[in-house]
Amino acid sequence: LTFFDTFTAGFVFYFDTTDFGDKNGRGDHAWDFWEIDVPAELRHAFTPQEVTWLPTSVELGAGYRYEYHPPRSNCPDTEFWIADASLPDLWLVPCFLYERDVLRDHGTYLNLSVSHEFELVDGVALTPALAQGWGDNKRVRGYVPTHDLQHRLNRAGMLDTQLRLTLSWRVCDHVKIAAFVAYSDFLFDRHVRDASRRYIRSASGECHRHSSWNFPAGIALVCDF
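It should be emphasised that the depicted structure is a prediction, and the values quoted were computed from it without experimental measurement. (Residues numbered from 1 in each chain as written. Predicted model: local features only at pLDDT ≥ 70, side-chain atom pairs only at ≥ 80, totals over all residues. Heavy atoms only, no water.)

### Side note on the overall build of the chain
Each helix and strand counted, the chain has three helices and 13 strands in total. Looking at the 225 residues of the chain, the share that counts as buried comes to 30%. In the chain, the proportion of contacts linking residues at least 24 apart, taken out of those at least 6 apart, comes to 49%. (Helix = DSSP H or I, 4+ residues; strand = E, 2+ residues; numbered from the N terminus. Buried < 20%, exposed > 50% of the residue type's maximum accessible area, 1.4 Å probe, protein only. Contact = heavy atoms within 4.5 Å.)

### Topic: the environment of A178
Looking at the secondary structure, you find A178 in strand β12 (residues 175-185). Residues A178 and L126, 52 residues apart in the sequence, show an inter-C-alpha distance of 9.6 Å.

### Brief notes about the pattern of salt bridges
Inspection of the entire model under this criterion finds twelve salt bridges. One salt bridge connects E99 with R139, and the closest N-O pair in it is separated by 3.1 Å. Of the two residues, E99 is situated in strand β7 (residues 93-101) and R139 in helix α2 (residues 137-141); the sequence distance between them amounts to 40 residues. Of the two residues, E99 and R139, neither departs from the other in class, the shared state being buried. Between R139 and D105 there is a salt bridge, with its nearest N and O atoms 3.3 Å apart. Linking R139 in helix α2 with D105 in the loop between β7 and β8 (108-115), this pair joins segments that are 34 residues apart in sequence. (Salt bridge = Lys/Arg side-chain N within 4 Å of Asp/Glu carboxyl O.)

### So, the state of the cysteines
Under the defined criterion, the tally for this structure stands at zero disulfides. Free cysteine C172: the closest other cysteine sulfur is in C223, separated by 8.1 Å. The class of C172 is partly exposed, set by a relative accessible area of 36%. (Disulfide = S-S within 2.5 Å.)

### A look at the nonpolar core
What tends to happen in soluble globular proteins is that the nonpolar side chains get buried as a cluster. Counting residues in each nonpolar core, the largest one holds seven residues, listed as Y109, V140, L153, L159, F186, V192 and A195. In this view, V140 contacts G135, L153, R155, A156, G157, L159 and V192; residues no more than four positions away in its chain are not counted. (Core = buried A, V, L, I, M, F, W, Y, C linked by side-chain atoms within 4.5 Å.)

### Thoughts on the side chain of S196
Note that S196 resides in helix α3 (residues 190-204). Residues contacting S196, with those up to four places away along its chain left out, are F186 and S212.

### Digging into a nonpolar patch on the surface
Nonpolar side chains collect at one region of the surface, where W91, L92, F118, L120, V121 and L167 lie side by side and expose about 620 Å² of accessible area between them. By the element assignment, L167 lies in strand β11 (residues 157-172). For L167, a relative accessible area of 42% gives the class partly exposed. (Patch = residues over 30% accessible without salt bridge, like charges linked within 9 Å, V, L, I, M, F, W, Y side chains within 5 Å. Areas by Shrake-Rupley, 256 points an atom, 1.4 Å probe, with all protein chains shown as cover.)

### Focus: the packing of aromatic side chains
Applying the stated criterion across every chain, the model contains seven aromatic pairs. Seen from their ring centres, Y64 and W81 are 5.1 Å apart, and the 55° between their planes marks the pair as tilted. Placement of the pair is Y64 in strand β5 (residues 58-68) and W81 in strand β6 (residues 78-86), with a sequence separation of 17 residues. Put simply, the rings of Y183, W213 and F215 pair up and form one aromatic cluster. In this structure, R164 is placed above the aromatic ring of F180, and the distance from its NZ or CZ to the ring centre is 4.1 Å. (Phe/Tyr/Trp six-rings, centres within 6.5 Å; stacked < 30°, edge-to-face > 60°. Lys NZ or Arg CZ within 6 Å of the ring centre and 35° of its normal.)

### Section: unusual backbone geometry
Phi at F4 is positive, roughly 60°, even though this residue is not glycine. In this fold, F4 is placed in the loop between β1 (2-3) and β2 (7-9). By relative accessible area, F4 is classed as exposed at 79%. The phi dihedral of D5 is positive, around 55°, even though this residue is not glycine. With a relative accessible area of 72%, D5 lands in the exposed category.

The following block contains the structure:
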């Protein structure tokens, strides 16, 4: 829910669609939730008409998110303070994200992304985006699934790199459908990459797997009223 085009609050529910939880030691909870997020944020775009010394629009956001995990997930709850800044009117839109965990690992995560929206036909757009993450030593240690890599990851470092393509269709004034596919991996730090591979092997139960990459994909239906 968004109020006055500035303050947004709501709930986000995450569900398993496979028996991956069973392999991860949580028991088979397919189609059962494993995380609930409670976000709240303030957001506003400052335009050159509002602030005369700005050469282009600057969108700022600041918010809070509580992350709840049910006891069966074997994962503690945590809280985040989040801030971001973007330049939405540029041809290549940069966005900088700051995220601070204040309950679980007390780590800091930064992410810089660039994107551009191509209008294919009226109401249909394709948006490629490239993003790179970075974490301080506390956040990087959160990626360590085994003790033998602990000393190698007790430092700050580059984290996830993601390339994403989003196709959106504005069906009418109040309805939009969007689909995305992305490639994500830890390209710039082999120790973080090794930690990710070990986690995937231990969680999936497939000892022969050596992958650290993911191909997330999704579909969204957005209704404005």
